[in-house]
Amino acid sequence: MKTLIKNVTILTMIDDDQPITGDILIEGDKIKQLGTQMTDQVDEVIQGEGMIAMPGLINAHQHTPMSLLKGFSDDLKLMDWLEKKMLPAEARMTPEDIYWGAKLSMAEMIKSGTTAFADMYIHMNEIASAVQEVGMRASLTRGLVFLQDDGGRRLTEALELVERWNGKAEGRISTMLGPHAPYTCPPEALREIVSIAEELNLPIHIHLAETKEEVTKIQEKYNQTPTEYLYNEGLFERLHVLLAHSVHLNRRDIRFLKGMRGGVAHNPVSNSKLGCGITPVFEMINQGITVGLGTDGAGSATTIDMFEEIKAATWLQKLDYGNPTVLPAGQVLRMATKGSAKLLNIDHEVGTLEVGKRADIILIDMNKPHLQPIHNVESLLAYSVNGADVNTTIVNGKVLMKNRKLITIDEDELLKQVTVRAKRIVEGI
């Protein structure tokens, strides 16, 4: 299958590359040629005039089934949100609910320009099946909590996920091990996970220092910060680690992360809505730590539009440092593409538009009043574009949305399913 995108403005996201106008030739699942006007015989031509082509956005931290709880528990204090709303509702979710909730998130992601995501949840076979059907790229993790003895059930499920799905769906699915967080994983459990990850050469996906309460709890229990606790248990020695949130890190904590493989998934919308705090992104980047962007689950963020995360990320850093030059447009766009790709350990395949890389591409329609005139493409993408401006989404060379119409998801059936299921899940809570 050959697809040609004609007469489009191309933003590669390679450092210092300037936008160019030309064509993109996709052959199979890869970018075959980029930039020059082409006359090849192809199976499909997509007219790109008036559009920007850029790498698909990559959501580095998600809980996809929580889309069923979108808008259900907003404007509550964190523990009220969690204990009175989220946990009781999640306890009612069946494997089929999780499948449809994940698919709802995927529909929103595709329609807002996200092509890949990192997910942590339960019943991951259902989520993996949805990824396989829909055509997105995903890093999947079974969340592991060790507060009660479950006879090894969760860890068995995590390893079954790896064995069954790693590298499957035309290579679009990868897997990680997912110890949930420092406060839910005692030292013995963490050491076991590190040992298994090293043996199987698997990355780790873990929450870190999302709240002040977590920092206090770990300090009281282990006389360490959460970051220091993970460092001393060997997480940063040889493993690729995706750290979600990392809001409450002091300068010493940041030094523990320096030189690590992987990096931090910054979730500015969720962290702001829940009043958690502002992640020290600018300082991390200055220390050479990779920072990508994620949304967290829709149960907290309410939106999983990555363009909203891009705006929030740069605004919060400018505000926090009192400096409008901090985290400029081009840098925050690279966080959402190249940076997140590195966190998912797939930057050799996606994250930039380059010949030989997988064809994960989005087209953004700039023929709109809020996107004109075009003085600086990166500024408009970072500060003005929203997910509804995405016209076409391509993953692995396959068109998943064209002219705003989903191709691999029956949107009417999806909305019918989630309406019924969401109502049942939250009733009476």
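Note that the coordinates shown come from a computational prediction; the quantities given were computed from them, not determined experimentally.

Draft legend 1. Expanded view of the overall build of the chain. Of the regular secondary structure elements, the chain holds 15 helices and 17 strands. In terms of overall size, the chain behaves like a compact globule, its C-alpha atoms giving a radius of gyration of 21 Å where 429 residues would be expected to give roughly 22 Å. Looking at the 429 residues of the chain, the share that counts as buried comes to 58%. Nonlocal contacts in the chain, meaning residues at least 24 apart in sequence, comprise 72% of its contacts between residues at least 6 apart. Summing over all exposed atoms, the chain offers an accessible surface of approximately 17200 Å²; the carbon and sulfur share of this is 49%. Across the chain, the mean location of the 45 positive side-chain charges is 1 Å away from that of the 57 negative side-chain charges.

Draft legend 2. Fine view of empty space enclosed by the protein. Taken as a whole and judged by the stated rule, the model has one cavity of 30 Å³ or more. Quantified by volume, the largest cavity comes out at close to 50 Å³. Lining the largest cavity, in full, are Ser-73, Asp-74, Asp-75, Leu-76, Trp-81, Lys-273, Leu-274 and Ser-300. Tallied by class, residues from the lining of the largest cavity come to three nonpolar, two polar and three charged.

Draft legend 3. The arrangement of the nonpolar core in detail. Of all hydrophobic cores here, the largest spans 105 residues; its most connected members are Met-106, Leu-243 and Ile-364. In terms of residue count, the dominant contributor to this core is helix H2 (residues 95-111) (nine residues). In this structure Ile-364 touches Gly-50, Met-51, Ile-52, Met-54, Phe-307, Leu-381, Val-385, Asp-389, Val-390 and Asn-391, once residues within four positions along its chain are discounted. One finds Ile-5, Val-8, Leu-353 and Ala-359 within the second-largest nonpolar core, a separate group that totals 15 residues.

Draft legend 4. Looking closely at the UniProt feature "binding site: substrate" (unreviewed entry) in the chain. In this numbering, the UniProt entry assigns the feature "binding site: substrate" (unreviewed entry) to Glu-90, Arg-142, Arg-153, His-180, Glu-210 and Asp-296. Look at the named residues: they lie 207 residues apart in sequence, and the longest C-alpha span between them is 26.4 Å, so in the fold they stay spread out. From this annotated list, the subset lining the largest pocket comprises Glu-90, Arg-142, Arg-153, His-180, Glu-210 and Asp-296. Here Glu-210 is to be found in the loop between strand E10 (204-208) and helix H6 (212-222). Assessed through its relative accessible area of 16%, Glu-210 is described here as buried. Residues in contact with Glu-210, not counting those within four places in the same chain, are His-245, Val-247, His-248, Asn-271, Cys-276 and Asp-296. The topology assignment puts Asp-296 in the loop between strand E13 (290-293) and helix H11 (298-301). Excluding residues within four positions of it along the chain, Asp-296 makes contact with His-61, Gln-62, His-63, Glu-210, His-245, Asn-267, Ser-270 and Ile-304. In this structure the side chain of Asp-296 is engaged in a polar contact, spanning 3.3 Å, whose partner is the side chain of His-63.

Reading the values: rules and limits
- Here the residue numbering is sequential within each chain, running from 1 through the sequence in written order.
- Per-residue local features are limited, in this predicted model, to residues with pLDDT of at least 70; the limit for side-chain atom pairs, both in listing and counting, is 80 or more; totals at the level of whole chains, interfaces and linings are taken over all residues.
- The side-chain figures draw on all heavy atoms in the structure; neither hydrogens nor water molecules are used.
- A run of DSSP states H or I qualifies as a helix once it reaches four residues; a run of E qualifies as a strand once it reaches two. Both are numbered from the N-terminal end.
- Two things to know: the radius of gyration comes from C-alpha atoms, and the globule rule equals 2.2 Å times the number of residues to the power 0.38.
- For each residue, the accessible area found with a 1.4 Å probe, counting protein chains only, is set against the maximum for its type, and the residue is called buried under 20%, exposed over 50%, and partly exposed in between.
- The contact criterion used throughout is that any non-hydrogen atoms of two residues lie within 4.5 Å.
- Exposure was quantified through the Shrake-Rupley algorithm and a 1.4 Å probe, taking into account, for residues, occlusion by the shown protein chains and nothing else.
- Just so you know, the count uses Lys and Arg for positive and Asp and Glu for negative, and it drops His and the chain ends.
- Every charge is mapped onto a representative atom, which is NZ of Lys, CZ of Arg, CG of Asp or CD of Glu.
- A 1.4 Å probe that fits into a set of points on a 1 Å grid over the protein atoms alone but cannot get out defines a cavity; an open set with protein on both sides within 12 Å along at least five of seven lines defines a pocket, and lining residues are those with an atom within 4 Å of a point.
- Grid points are joined across faces, edges and corners, and a volume is the space filled by probe spheres set on the points.
- Any residue outside Ala, Val, Leu, Ile, Met, Phe, Trp, Tyr, Cys, Pro, Asp, Glu, Lys and Arg is labelled polar, Gly included; the first ten of those are nonpolar and the last four are charged.
- Buried Ala, Val, Leu, Ile, Met, Phe, Trp, Tyr and Cys residues form a nonpolar core when they are joined through side-chain atoms within 4.5 Å.
- UniProt positions are given in the numbering used here, feature names are shortened, and annotations may be inferred rather than shown by experiment.
- Polar contacts, as used here, are pairs of N or O atoms within 3.5 Å; protein pairs need one atom able to donate a hydrogen and one able to accept it. Residues neighboring in sequence count only if both atoms are side-chain atoms.

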